[in-house]
Amino acid sequence: MRNFQKLRASVPARTRWLLCTLAAVAAVFAATVSFGSGTSAPASSREAKSSEGHAHRVVETMDRTSAQTTLATVPYSGGRFMTADPTGGYWSTNWLGALSAHGGASLFGSPAQSGLKLAKPIVGIAATPDGLGYWLVGSDGGVFSYGNATFYGSTGALHLNRPIVNIEATPDGGGYWLVAADGGVFAFGDARFYGSTGALHLDQPIVGLAPTPDGLGYWLVAADGGIFTFGDAPFSGSLGGSGKEITGLVVDPSNATYTLVELNGTAVVPTLTPVAAPDSGGTPTPTPAPTPSTPAPAVSGNGTVPDAPASLGAPSTMVLDDEFNTGSLNTSLWSPDWYGNGQVQNGTLMVSSDVSVGANGLALQLNSPQSGGIVSTNPGDDQPGHTGFQIAPSPSKPVYVEWKATLPSTASGGVANWPGLWLVGQPPWPENGEIDVMEGGGGVTAYHIHFGNQDGEGADGPGQVVDIGGGTHTFGVLWTTTSVTFVYDGAVVGTIDQALDSPMSIVMENSYSSVDPTVFPSTLYVRYLRVWN
């Protein structure tokens, strides 16, 4: 951790709905090609920053690095821009805004019907949840609402870096998202921003966005079928690198899986197959059962024990698993404060009322510099009833720790505040070591280690910026007695060769820093914490 003294009513999954919705994206790509040169905007003005003068960007997300994709092809015939009428039927429109209704869907008006002269072509249409209205969007982000569709805002008056390519409504119809070809996301009404690819270099442009059934996340899909997940959107495969040409994606609300639509109208359901683990190159085989000094596996909730990523040479014995799905914090394991309620950590007053467990997992709230959230497994914090947890590697038993977390985001897609996922040795800090697996700072993320003592103060150790932005990611660390390897979204982002073998506890917090982009209130969500040894 930095030392500043020195330094989240879905429509039933009917066959008719799925087929109609598939049609909704079958011609988006063609129109985008024809009219993709229109003005459009910074989906994100965030630049990669590094106090060290350089940045390492992780553009290839987990879909590109942690799994191979098996293609299941479904026959399908597409059409123009379309959206399904949830009560049956669908609407189609062309780039001039001339609308047609099919299968019993009702017309509520259109730009062509009213003789409206468009500044830019129509590139998308989205229906209200009850089918009594719809929105159209132009490539400049101008939004046209009809029926009971409410206008919540647009980017029509902005200068865009890339044109808008799609509009999608929130599940309750109280808002919508616009997405640009660079993956910039614009949220209006009750739509929430969970992140974007606006600041990343993309191999192919973004062609579609689809929200999760609960509206607490979304997927972006690129023209090559690459998938980018944000919020609670799960990854279930991609077509990146397959040579396919994709026009968009649709989601089955019954199970939150997605279908990709090719330019020729073929619907493809990507699925995952396990990646064969390469030769470990002599990595010692871990002991098959915990030693007496190692805690027995602590599995909460669903009873399943996932595997650590064997391809990294990680151990296979799980010793801790908190899925944060029981509705309350396990206070024998976690202390919801810092050496007592109301103590200051990293310049932020940490209070137990800012710690909770709910539908989105563990929630660490930050309301102000005087009200932040922290949890710790430190067994030495003298908190009643708190036995805690700490762990260390041995020469034959490395440690692998993995979090899935949703980082607080700024409006431009950067990381807000000072969220942290750390392993911390016992005092004095940090003579017994510290591993900062992820911490936010300056709108980006980074990893570091700290160790030793320098003039009575903890020495800064090496680290690296990894600019992945806000939203949901996985963060892992493979810790051996001689090195520490950091894994973001399934990809190794760096290794530091350093001997650290003192026991460390786990700390997670959402704190404030005057030098970081700050959002009040904001929440760091942790979906799970898993430890193997």
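Below you will find a few notes about this structure. (Residues numbered from 1 in each chain as written. Predicted model: local features only at pLDDT ≥ 70, side-chain atom pairs only at ≥ 80, totals over all residues. Heavy atoms only, no water.)

1. Thoughts on the sheet that holds strand 9 (residues 175-180)
What counts here: Pairing between strands is defined by DSSP: at least two bridges between them are needed. Where helices and strands are cited, they refer to DSSP runs of H or I of at least four residues and of E of at least two residues respectively, numbered from the N terminus. Note on geometry: axes are C-alpha line fits, over the in-contact stretch for helices, and angles between N-to-C directions span 0 to 180 degrees.
The strand order across the open sheet formed by three strands is 8-9-10, and the pairing between neighbours is antiparallel. Looking at strand neighbours, the two that pair on one side only are strand 8 (164-169) and strand 10 (185-189), the edges of this open sheet. Adjacent strand axes in the sheet meet at a mean angle of 20 degrees when their direction is disregarded. Where strand 8 meets strand 9, five bridges bridge the pair, whose relative direction is antiparallel. Each bridged residue has a counterpart across the sheet, and for N166 the counterpart in strand 9 is V179.

2. Overview of the sheet that holds strand 3 (residues 90-93)
In space, the three strands of this open sheet follow the order 2-3-4, with antiparallel pairing throughout. Looking at strand neighbours, the two that pair on one side only are strand 2 (81-84) and strand 4 (99-102), the edges of this open sheet. On average, each strand axis in the sheet is inclined to that of its neighbour by 20 degrees, with strand direction left out of account. Both strand 2 and strand 3 contribute to a ladder of four bridges, which runs antiparallel. Bridge pairing in strand 3 places F81 opposite T93.

3. Comments concerning the pairing of strand 6 (residues 133-138)
Consecutive side chains of a regular strand alternate in pointing toward one face of the sheet and then the other. Which entries qualify depends on this criterion: Only protein chains enter the accessibility calculation, which uses a 1.4 Å probe; a residue whose area is less than 20% of its type maximum is buried, one above 50% is exposed, and one in between is partly exposed.
Counted residue by residue, strand 6 has six buried out of six residues, so it is predominantly covered. Both faces of strand 6 are covered, namely the face carrying G133, W135 and V137 and the face carrying Y134, L136 and G138. The pairing of strand 5 (residues 122-127) with strand 6 spans five bridges and is antiparallel. Within strand 6, the residue paired with I125 across the bridge is L136. The loop that links strand 5 with its antiparallel partner strand 6 comprises five residues; one of these, G131, has a positive phi angle of about 75 degrees. Pairing analysis gives five bridges linking strand 6 to strand 7 (residues 143-147), with the strands arranged antiparallel. By the bridge assignment for strand 7, V137 is matched with V143. Remark: four residues form the turn of the hairpin made by strand 6 and strand 7, two consecutive strands paired antiparallel; G141 in that turn has positive phi of roughly 90 degrees.

4. Focus on the side chain of T348
Where we set the bar: The term polar contact refers here to a pair of N or O atoms within 3.5 Å; inside protein, the definition further demands a hydrogen-donor-capable atom paired with an acceptor-capable atom, and it admits residues adjacent in sequence only when both atoms are side-chain atoms. It only takes one pair of heavy atoms within 4.5 Å for two residues to be counted as in contact.
Within the element layout of this structure, T348 appears in strand 19 (residues 348-350). Looking at T348, the relative accessible area reads 0%, which means it is buried. Among the polar contacts listed, one links the side chain of T348 to the backbone nitrogen of Y512, at a separation of 2.9 Å. In contact with T348, not counting residues within four places along its chain, are Q343, L366, S368, P369, G372, S511 and Y512.

5. Quick notes on the environment of S356
Secondary-structure assignment places S356 in strand 20 (residues 355-358). Take S356: its relative accessible area is 39%, and that puts it in the partly exposed class. A C-alpha to C-alpha distance of 9.8 Å links S356 and Y525, two positions 169 residues apart in sequence. Aside from chain neighbours lying at most four places away, what touches S356 is G361, L362 and A363.

6. Brief notes about the nonpolar core
Threshold: Working definition of a nonpolar core: buried Ala, Val, Leu, Ile, Met, Phe, Trp, Tyr and Cys residues. They are joined through side-chain atoms within 4.5 Å.
Counting residues in hydrophobic clusters, the biggest one holds 44 residues, and the most contacted among them are L362, W403, I435, I506, M508 and V531. Considering each element in turn, this core owes the most residues, five residues, to strand 23 (residues 399-407). With residues up to four places along the chain from it excluded, the contact list for W403 reads L421, W422, L423, V437, H473, T474, F475, I506, M508, V526, Y528 and L529. Within the second largest apolar cluster, 17 residues are counted, among which are V165, Y194, L202 and F228.

7. Things to note about unusual backbone geometry
Apart from glycine, the bulk of residues carry a negative phi angle, and the bulk of peptide bonds sit in the trans form. Cis rather than trans, the peptide bond between P427 and P428 has omega equal to 5 degrees. Structurally, the position occupied by P428 is in the loop between strand 24 (418-425) and strand 25 (434-441). With an omega of -15 degrees, the peptide bond running from F520 to P521 counts as cis. You will see that F324, though not glycine, has its phi angle at about 50 degrees, which is positive. As for its position among the elements, F324 is in the loop between strand 17 (318-322) and strand 18 (343-345). The phi torsion at D489 lies on the positive side, around 50 degrees, for a residue other than glycine. Secondary-structure assignment places D489 in the loop between strand 29 (483-488) and strand 30 (491-497). Take D489: its relative accessible area is 7%, and that puts it in the buried class.

8. A few points about the pattern of salt bridges
Defined as follows: When a carboxyl oxygen of Asp or Glu lies within 4 Å of a side-chain nitrogen of Lys or Arg, that pair is called a salt bridge.
A full pass over the atoms with the stated rule returns three salt bridges. R530 is paired through a salt bridge with D321; the nearest N and O atoms lie 3.7 Å apart. Here R530, found in strand 32 (residues 522-532), pairs with D321, found in strand 17; they are 209 residues apart in sequence, far enough to count as distant. The exposure class of R530 is buried, given its relative accessible area of 12%. For the salt bridge of E323 with R530, the shortest nitrogen-to-oxygen distance reads 2.9 Å. Residue E323 is found in the loop between strand 17 and strand 18, and its partner R530 is found in strand 32; the two are separated by 207 residues along the sequence. By sharing partners, the salt bridges in this structure join D321, E323 and R530 into a single network.

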